[in-house]
Amino acid sequence: GASGSGKSTLLRCADLLEPIDAGQIRLEGERVAFEDPTADATRRRLGIVFQGFNLFPHLTVLENVTLAPRIALDQEPSSAEARGRALLASLGLADKAGTYPDKLSGGQMQTVSIMRALAPNPEILFLDEPFSALDFEMTLFIRAKLQEANLSTGVTMMIVSHDLEDAVFLADMILLLTRRP
């Protein structure tokens, strides 16, 4: 969809980060909402990759990737670290584990934000322009990794993109959002 058509807002509402004005969001047939008492439990089943990365600048790459599994899912630090290191290695960033985000390129920050979202093994992964900071080669690589994650874990992905090629490559279904005149 076009800029300003509400793509990012839709993702934030679906991930229960913002309340909705009208309508419903359903997960496995059950209504879920930002204000529900069970919203935090639902959020633990979801992952999001923000367009602006939103990495914590005071945490290393490995700490960023392992934070959600440790805090939200009460995973043992050693288990979270092992998964984090495996994710870093699978995406070619094993040598960046101790690096802070301000020392990474835009593409590396985008890759770390995708790994951070995958680390807790979400059932649904929301991705807001996941390829926007990547060069062509890295885009192909990350596309393949997302497709692999979908096939190996069954994670459902909702991807917002301006690039129809990205959507066609990864999607089972495509929705086009437009602005009202």
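Preceding this paragraph is the structure being described.
Residues numbered from 1 in each chain as written. Predicted model: local features only at pLDDT ≥ 70, side-chain atom pairs only at ≥ 80, totals over all residues. Heavy atoms only, no water.

Caption draft 1: Examining the overall build of the protein more closely. If you tally the helices and strands in the protein, you get 7 helices and 5 strands. When its helices and strands are written in sequence order, the protein yields α-β-β-α-β-α-α-α-β-α-β-α. Relative to its length of 181 residues, the protein is compact, with a C-alpha radius of gyration of 16 Å against a globular reference of 16 Å. In terms of overall dimensions, the protein has C-alpha extents of about 50 × 40 × 30 Å along its principal axes. For the protein, the proportion of its 181 residues judged to be buried stands at 40%. (Helix = DSSP H or I, 4+ residues; strand = E, 2+ residues; numbered from the N terminus. Rg over C-alpha atoms; globule rule 2.2 N^0.38 Å. Buried < 20%, exposed > 50% of the residue type's maximum accessible area, 1.4 Å probe, protein only.)

Caption draft 2: How the structure looks around the pattern of salt bridges. One pass over the structure, following the stated rule, counts 8 salt bridges. For D40, the salt bridge is made with R43, and the minimal N-O distance between the two is 2.6 Å. Taken as a pair, D40 and R43 lie in helix α2 (residues 39-43) at a separation of 3 residues, close to a single helical turn. Taking the relative accessible area as the measure of exposure, D40 reaches 47% and is therefore partly exposed. Using a relative accessible area of 23% as the deciding quantity, one classes R43 as partly exposed. The closest approach of N and O atoms between R45 and E123, which form a salt bridge, is 2.8 Å. Here E123 lies in the loop between α5 (106-118) and β4 (124-128) and R45 lies in the loop between α2 and β3 (46-49), a separation of 78 residues in the sequence. Given a relative accessible area of 36%, E123 falls into the partly exposed group. (Salt bridge = Lys/Arg side-chain N within 4 Å of Asp/Glu carboxyl O.)

Caption draft 3: Structural detail: the nonpolar core. Counting residues in hydrophobic clusters, the biggest one holds 27 residues, and the most contacted among them are L88, V112, I114, M115, L125, I142 and L146. Of all the elements in the fold, those that place two or more residues in this core are α3 (61-71), α4 (77-90), α5, β4 and α6 (136-153). When residues no more than four places from it in sequence are discounted, the contact partners of V112 are L55, V61, V65, L93 and L104. Among the nonpolar cores identified, the runner-up in size contains 14 residues, and L11, C13, A14 and A39 belong to it. (Core = buried A, V, L, I, M, F, W, Y, C linked by side-chain atoms within 4.5 Å. Contact = heavy atoms within 4.5 Å.)

Caption draft 4: Spotlight on the pairing of β4. With 5 of 5 residues buried, β4 lies mostly within the body of the structure. Burial along β4 is two-sided: I124, F126 and D128 facing one way and L125 and L127 facing the other are all buried. Sheet analysis places β4 next to strand β5 (residues 156-160), joined by 5 bridges and oriented parallel. Counterpart to L125 in the pairing with β5 is M157. In this fold, the crossover linking β4 to β5 by way of α6 has right-handed handedness. (Pairing = 2+ DSSP bridges. Right-handed = clockwise from strand over helix to strand, strands pointing away.)

Caption draft 5: Local environment of the packing of α3 against α5. The interhelical angle for the contact between α3 and α5, taken along N-to-C directions, is 30°, at an axis separation of 7 Å. With respect to α5, the axis of α3 lies roughly parallel. Seen along the crossing, α3 lies across α5 with a hand that is right-handed. Side by side, α3 and α5 meet where V61, N64 and V65 of the first sit next to V112, M115 and R116 of the second. Of the residues contributing to the contact of α3 with α5, the split by class is 4 nonpolar, 1 polar and 1 charged. (Axes fitted to C-alpha atoms, helices over the stretch in contact; angles between N-to-C directions. Parallel < 35°, antiparallel > 145°, perpendicular 65-115°, else oblique. Left-handed = near helix turned anticlockwise from the far one by under 90°. Nonpolar A, V, L, I, M, F, W, Y, C, P; charged D, E, K, R; others polar.)

Function cannot be inferred from these measures alone, as they are strictly geometric.
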